[in-house]
Amino acid sequence: MAQQVRGVVAPGKNEPVRVETVTVPDPGPGDAVVQVQACGVCHTDLHYKQGGINDDFPFLLGHEAAGVVESVGENVTEVEPGDFVILNWRAVCGQCRACSRGRPWYCFDTHNASRQMTLAGSGTPLSPALGIGAFAEKTLVAAGQCTKVDPEVSPAVAGLLGCGVMAGIGAAINTGAVGRGDTVAVIGCGGVGDAAIAGARLAGASRIIAVDIEDRKLALAESMGATHTVNSRTSDPVEAVRELTGGFGADVVIEAVGRPETYEQAFYARDLAGTVVLVGVPTPEMRLELPLLDVFGRGGSLKSSWYGDCLPSRDFPMLIDLHQQGRLDLAKFVTERVALDDVEEAFSRMEAGDVLRSVVVF
Ligand code: APR
Ligand code: ZN
Ligand code: ZN
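Residues numbered from 1 in each chain as written. Chains lettered and ligands numbered in written order. Predicted model: local features only at pLDDT ≥ 70, side-chain atom pairs only at ≥ 80, totals over all residues. Heavy atoms only, no water.

For the protein chain, an unreviewed UniProt entry supplies the name Oxidoreductase and the organism Streptomyces daqingensis. Listed under Cofactor (unreviewed entry) in UniProt, the entry text for the protein chain is "Zn(2+)". (UniProt positions renumbered as here; feature names shortened; annotations may be inferred.)

What follows is the structure, given as C-alpha cells:
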C-alpha cells in the first residue's frame, strides 16, 4: 500500500524548501522502497532549488543517502528487505553500448524507479533529485540504485559515498588513475577536493598539493592527507606546484572547482604527458580558451570525471572496507548531523563555506 512520509520539497525557483507530506507508492517491477537513515546535503540539491539543473519543479531533494531496504517489487534480485544500502544515482543498464563493451561506469542509459512519488493531497508528481529524493523518511528507487554494504558502518558516513565523496575519491583513483609515487595537485578543497586528496593518499601518491583560496580550507585539506598547501589568492598556483614537483608540474592535477580559470591552472600545473581531471561542474555560460598548440604540445590526457567514474557495486563496498580498516577516514567528512527540518539552514552554511557536509539523520 502507498505510504505517506515527510520529505523536503523545493516548490519553485529560489523558493525556500518545505517539509511536505509525500506519497511513496509500492515498488513497481525492478523497484525498491528504502527507509532512509541519513542523507547528506550536497551542492546539487541547492542547484535544483535554484533552478540551475532544470525546471521540473517541485523537486523532492536529497540524493547522498544510506538506509535499509523495506520492500522490493517484482524481478528484483540485487537486494532484499532488511539490506543496508547506499543509494547511487547511476543504476547501470547492462545493455547500452558502454555497458556492453565492459565499461559500465560510463553507462549511457542509467535508470530510476518505474513509479512516481507525489505530493500528498494534490497528487502533484515530484521530481526526485538525481532520481533519488532521499530527504524523506522513505523513498522509491530502482533496485539497481541500491548497493548493499556492511551495516556496521554509520549511515551518515556510508551515505556520503553516494555522491560527493565518491566523486572526489573516484576522480583520483578511477579517472586520474593515481598510482604509487605519483605527484598530485588538487585545486579546490571543498568536500569533493578533500575526497580527491584522501583518494590520492590511498593510492600512494608521493606528494599531494592542495590549492585553495582560503586558509581554513587548506588546513582541513592537510588533515585529509595533503602534504603541501598553496593559497592561490596570494601565490601563483602553477608556479607553486611546479616548484614543489622539481620544476616539472604534477603527474595528475584534479580540478574540483568547475571554473575556466582553475581549469587553466590545472592544465599548466601538470607535467608533460600528465593528466588533468575535471570533477568540478561548470555552468552553461563558461568558456575555455587555450592555445591549441599547448594542448598538443603538452600531451597526456584531459579527462572529465562523472561521479568519480565509479561503479557502485565495485567501489562502495571496497571503500567501506578501507574505512573499517582505518585506512580511509570517511567520518571526517561529516561536519554536522541535522534534522529534516534544517535543510534550508544547512544550505546557508554550505553557501558560506562553513561545512564539508551537513547530514540529515532520521
Ligand atoms: N581557486 C581555488 N579554489 C577555489 C576557487 C579558486 N578560484 N574558487 C573556489 N575555490 C574553493 C573554495 O574555497 C572551496 O574550498 O573550492 C572549494 C569548493 O568547495 P565546495 O564549494 O565545498 O564544493 P564541493 O562540494 O567540494 O564541490 C566542488 O565539484 O561536484 C562538483 O558541483 C560540484 O562544482 C562543484 C565542485
Ligand atoms: Zn548501460
Ligand atoms: Zn551530490
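Where helix 4 (residues 164-175) contacts helix 5 (residues 191-202), the two axes come as close as 7 Å, and the packing angle between them is 45°. It follows from the interaxial angle that helix 4 and helix 5 lie oblique. In this structure, helix 4 crosses over helix 5, and the sense of that crossing is right-handed. On helix 5, the residues touching Gly164, Val165, Gly168, Ile169, Ala172 and Ile173 of helix 4 are Val192, Ala195, Ala196, Gly199 and Ala200. (Axes fitted to C-alpha atoms, helices over the stretch in contact; angles between N-to-C directions. Helix = DSSP H or I, 4+ residues; strand = E, 2+ residues; numbered from the N terminus. Parallel < 35°, antiparallel > 145°, perpendicular 65-115°, else oblique. Left-handed = near helix turned anticlockwise from the far one by under 90°. Contact = heavy atoms within 4.5 Å.)

The subject of this paragraph is the packing of aromatic side chains. A ring pair, where both rings are aromatic, is described by two values, the distance of the centres and the angle of the planes. Taken as a whole and assessed by the stated rule, the structure comprises seven aromatic pairs. When the ring of tryptophan 89 is compared with that of tyrosine 307, the centres are 3.9 Å apart and the planes differ by 5°; the resulting orientation is stacked. Of this pair, tryptophan 89 sits in the loop between strand 6 (84-87) and helix 2 (97-100) while tyrosine 307 sits in the loop between strand 16 (301-304) and helix 10 (312-324), and the two are 218 residues apart along the sequence. An aromatic cluster is built from Trp105, Tyr106, Phe108 and Trp306, whose rings are joined through pairwise contacts. When the ring centre of phenylalanine 267 is taken as origin, the NZ or CZ atom of arginine 270, which lies over that ring, is 4.9 Å away. Its guanidinium or amino end placed over the ring of tryptophan 105, arginine 314 lies 5.4 Å from that ring's centre, counting from NZ or CZ. (Phe/Tyr/Trp six-rings, centres within 6.5 Å; stacked < 30°, edge-to-face > 60°. Lys NZ or Arg CZ within 6 Å of the ring centre and 35° of its normal.)

A few words on the coordination of the zinc ion (ligand 3). Cys42 (SG), His63 (NE2) and Cys163 (SG) make up the full set of protein donors to the zinc ion (ligand 3), lying at 2.0 to 2.2 Å. For the zinc ion (ligand 3), the single-chain donor residues occur in sequence as C-x20-H-x99-C. Separated by 100 residues along the polypeptide, histidine 63 in the loop between strand 4 (59-60) and strand 5 (64-72) and cysteine 163 in the loop between helix 3 (155-159) and helix 4 bring together distant segments of the chain. For cysteine 163, a relative accessible area of 7% corresponds to the buried category. (Donors = N, O, S within 2.8 Å, 3.2 Å for Na, K, Ca; no water. Buried < 20%, exposed > 50% of the residue type's maximum accessible area, 1.4 Å probe, protein only.)

Once that is clear, we can look at the site of ligand 1. Close to ligand 1 lie 16 residues, the nearest being Gly191, Val192, Asp212, Ala256 and Val281. For ligand 1, an oxygen atom lies 3.5 Å from a polar atom in the backbone of glycine 190. A distance of 3.0 Å is found between an oxygen atom of ligand 1 and a backbone nitrogen or oxygen belonging to glycine 191. Computed on the free molecule, ligand 1 has an accessible area of 730 Å², of which 81% lies beneath the protein chains in the complex. Residues that form the shell around ligand 1 fall into these classes: seven nonpolar, seven polar and two charged. (Near = heavy atom within 4 Å. Polar contact = N/O pair within 3.5 Å; in protein donor to acceptor, adjacent residues only side chain to side chain. Areas by Shrake-Rupley, 256 points an atom, 1.4 Å probe, with all protein chains shown as cover. Nonpolar A, V, L, I, M, F, W, Y, C, P; charged D, E, K, R; others polar.)

Residues phenylalanine 57 and proline 58 are joined by a peptide bond in cis, for which omega reads -5°. Residues other than glycine seldom take positive phi values, yet asparagine 75 does so here, at roughly 65°. Turning to its location among the elements, asparagine 75 is positioned in the loop between strand 5 and strand 6.

On to the side chain of threonine 275, then. Take threonine 275: it is sitting in strand 15 (residues 270-278). A relative accessible area of 13% means that threonine 275 is categorised as buried. Reaching out from threonine 275, the side chain makes a polar contact with the side chain of serine 301 at a distance of 3.4 Å. Among residues more than four places away in sequence, those in contact with threonine 275 are Gly176, Asp251, Val252, Val253, Arg270, Ser301 and Lys303.

Position of glutamate 285 among the secondary structure elements: in the loop between strand 15 and helix 9 (292-297). A relative accessible area of 58% places glutamate 285 in the exposed class. Polar side-chain contacts of glutamate 285 include one of 2.8 Å to the side chain of threonine 283.

Another aspect to go through is helix 8 (residues 260-268). Among all positions of helix 8, only Thr262, Tyr263, Gln265, Ala266, Phe267 and Tyr268 are buried. Buried residues belonging to helix 8 abut strand 11 (183-187), helix 7 (237-243), strand 14 (250-255), strand 15, helix 9 and strand 16.

So, on to the sheet that holds strand 2 (residues 18-24). Read across the open sheet, the five strands follow the order 7-2-1-4-8; overall the sheet is mixed. The sheet is open, and its two borders are formed by strand 7 (118-119) and strand 8 (127-128), each paired with just one other strand. Sheet analysis places strand 2 next to strand 7, joined by two bridges and oriented antiparallel. If you follow valine 22 over to strand 7, its bridge partner there is leucine 119. (Pairing = 2+ DSSP bridges.)

What follows is about helix 5. With twelve residues, helix 5 ought to run about 16 Å at 1.5 Å a step, and its terminal C-alpha atoms sit 16 Å apart, in line with that. Of all twelve residues in helix 5, nine are buried, a share of seventy percent or more. Along helix 5, the residues that are buried comprise Gly191, Gly193, Asp194, Ala195, Ala196, Ile197, Ala198, Gly199 and Ala200. In this structure, the buried residues of helix 5 make contact with helix 4, strand 11, strand 12 (207-212), helix 6 (215-224) and strand 14. The positive-phi residue at the C-terminal boundary of helix 5 is glycine 204, with phi of around 90°. (Expected span 1.5 Å × (residues − 1).)

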